[in-house]
Amino acid sequence: MVDFKNRNRIARTARDEAATTEFLKRQYPNAVQCPNCSAGPVIPENCYDLGAYHGERTRGGHISSACPACRFFNRERGNWVRWNGQMRQ
């Protein structure tokens, strides 16, 4: 019985992850990923100069346009890689 429950949970998790990935691909067709470590998706909506607000202090902390995984930073959006649909953090 435990084995069945584990297999069912694993299958449900895989379906949930696939559905989330498909949703993100449709919702954010311009998402990118880090060219250094492949973390993604990174969603720089309507922002081509990622350095414009990078490091700016806000009431809640600061804005970072760096990769959340490896801290790679490049202010040019074109130097990031188009997201390949793989969820990585």
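Scroll up to find the structure this text is about.
The present account deals with the structure reproduced in this document. (Residues numbered from 1 in each chain as written. Predicted model: local features only at pLDDT ≥ 70, side-chain atom pairs only at ≥ 80, totals over all residues. Heavy atoms only, no water.)

### Digging into the side chain of Gln33
- Note on placement: Gln33 falls in strand β1 (residues 32–33).
- Exposure remark for Gln33: the relative accessible area of 6% places this residue in the buried category.
- A distance of 3.0 Å separates the side chain of Gln33 from the backbone nitrogen of Asn84, its partner in a polar contact.
- Every residue in contact with Gln33, bar those within four places of it in the chain, is listed here: Ser38, Ala39, Gly40, Trp80, Val81, Arg82, Trp83, Asn84 and Arg88. (Helix = DSSP H or I, 4+ residues; strand = E, 2+ residues; numbered from the N terminus. Buried < 20%, exposed > 50% of the residue type's maximum accessible area, 1.4 Å probe, protein only. Polar contact = N/O pair within 3.5 Å; in protein donor to acceptor, adjacent residues only side chain to side chain. Contact = heavy atoms within 4.5 Å.)

### Some details on the nonpolar core
- Judged by nonpolar contacts, Val32, Cys34, Ala39, Val42, Leu50, Cys67 and Trp80 together constitute the single largest core of seven residues.
- If sequence neighbours within four positions are ignored, Leu50 has contacts with Pro44, Ser65, Phe73, Asn74, Arg75, Arg77 and Trp80. (Core = buried A, V, L, I, M, F, W, Y, C linked by side-chain atoms within 4.5 Å.)

### Looking at unusual backbone geometry
- Cis rather than trans, the peptide bond between Gly40 and Pro41 has omega equal to 10 degrees.
- Despite not being glycine, Ser38 has its phi angle at roughly 70 degrees, a positive value.
- Relative to the elements of secondary structure, Ser38 occurs in the loop between β1 and β2 (57–58).
- Among the residues examined, Ser38 registers a relative accessible area of 23% and is labelled partly exposed.
- Although it is not a glycine, Arg71 sits at a positive phi angle of roughly 70 degrees.
- Within the element layout of this structure, Arg71 appears in the loop between β3 (61–62) and β4 (81–82).
- Judged by relative accessible area, which is 48%, Arg71 ranks as partly exposed.

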